[in-house]
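# Secondary and tertiary structure notes
Here is how the chains run, residue by residue.
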Amino acid sequence: MEIREDDLTGPEIAALLQAHLTLMRSTSPEESAHALDIDGLRQPNITFWSVWDDGQLLGCGALKELDPMHGEIKSMHTTAACRGRGIAGKLLRHILDVAMSRGYRRVSLETGSTDHFLPARNLYAKHGFVTTGPFAGYGPDPHSAFMTLQLP
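A short tour of the structure in this document, coming up.

The rules behind each value
Residues numbered from 1 in each chain as written. Predicted model: local features only at pLDDT ≥ 70, side-chain atom pairs only at ≥ 80, totals over all residues. Heavy atoms only, no water. Helix = DSSP H or I, 4+ residues; strand = E, 2+ residues; numbered from the N terminus. Rg over C-alpha atoms; globule rule 2.2 N^0.38 Å. Disulfide = S-S within 2.5 Å. Buried < 20%, exposed > 50% of the residue type's maximum accessible area, 1.4 Å probe, protein only. Arc of directions from axis to C-beta. Contact = heavy atoms within 4.5 Å.

With that out of the way, let us pick up the overall build of the protein. Of the regular secondary structure elements, the protein holds four helices and seven strands. Listing the helices and strands of the protein from first to last along the sequence gives β-α-α-β-β-β-α-β-α-β-β. In terms of C-alpha radius of gyration, the protein reaches 14 Å, essentially the compact-globule figure of 15 Å for 152 residues. For the protein, the spread of C-alpha atoms along the three principal axes comes to 40 × 35 × 30 Å.

Okay, here's the thing in structure tokens:
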């Protein structure tokens, strides 16, 4: 398995991100779906990675710099066929390693609050994330769960 920094130009990643957006919009009200489209991820303060194995795209994730000490995890997604294989955990550890190497003191995220998102919330909790309030311009939302991790 290889985690690569991705320039978001390949057709495979475009298709995966479209599937991610479709899923997010089908499981959350429009005003509560905060997933970024491919253009939203092409920002200078966002680093995007894709996960590959033997030429097959398995998943993706991104790290957005909110300020020099605080990052936000965005667009974590594993293909349906590859869920449960530990891919998201490996990618999350990679993203957290990058965040620490940048000197971030905290990494936060927004995910859904419904049962559909329970596996994601469990993954983040397993890696030390705790529930927090809205951050970085998010407002209170019953469909959102906010989590944060203090880094060493």
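Once you've had a look at it, read on.
Right, let's talk about the state of the cysteines for a bit. Scanning the model with the defined rule gives zero disulfides in all. Take Cys60: it sits in no disulfide, and the sulfur closest to it among the cysteines is that of Cys82, at 12 Å. A relative accessible area of 1% places Cys82 in the buried class.

This part covers helix α4 (residues 118-126). All of the buried residues along α4 are Arg121, Leu123 and Tyr124. For α4, the angular spread of buried residues about the axis comes to 155°, placing them on one side. Opposite its buried face, α4 presents the exposed residues Pro119 and Lys126, each directed more than 90 degrees away. In this fold, the buried residues of α4 make contact with β4 (70-78), α3 (87-101), β5 (106-112) and β7 (144-150). Downstream of α4 by a residue or two, Gly128 has a phi angle that is positive, lying close to 100°.

Functional significance is not addressed by these values, which are geometric in nature.
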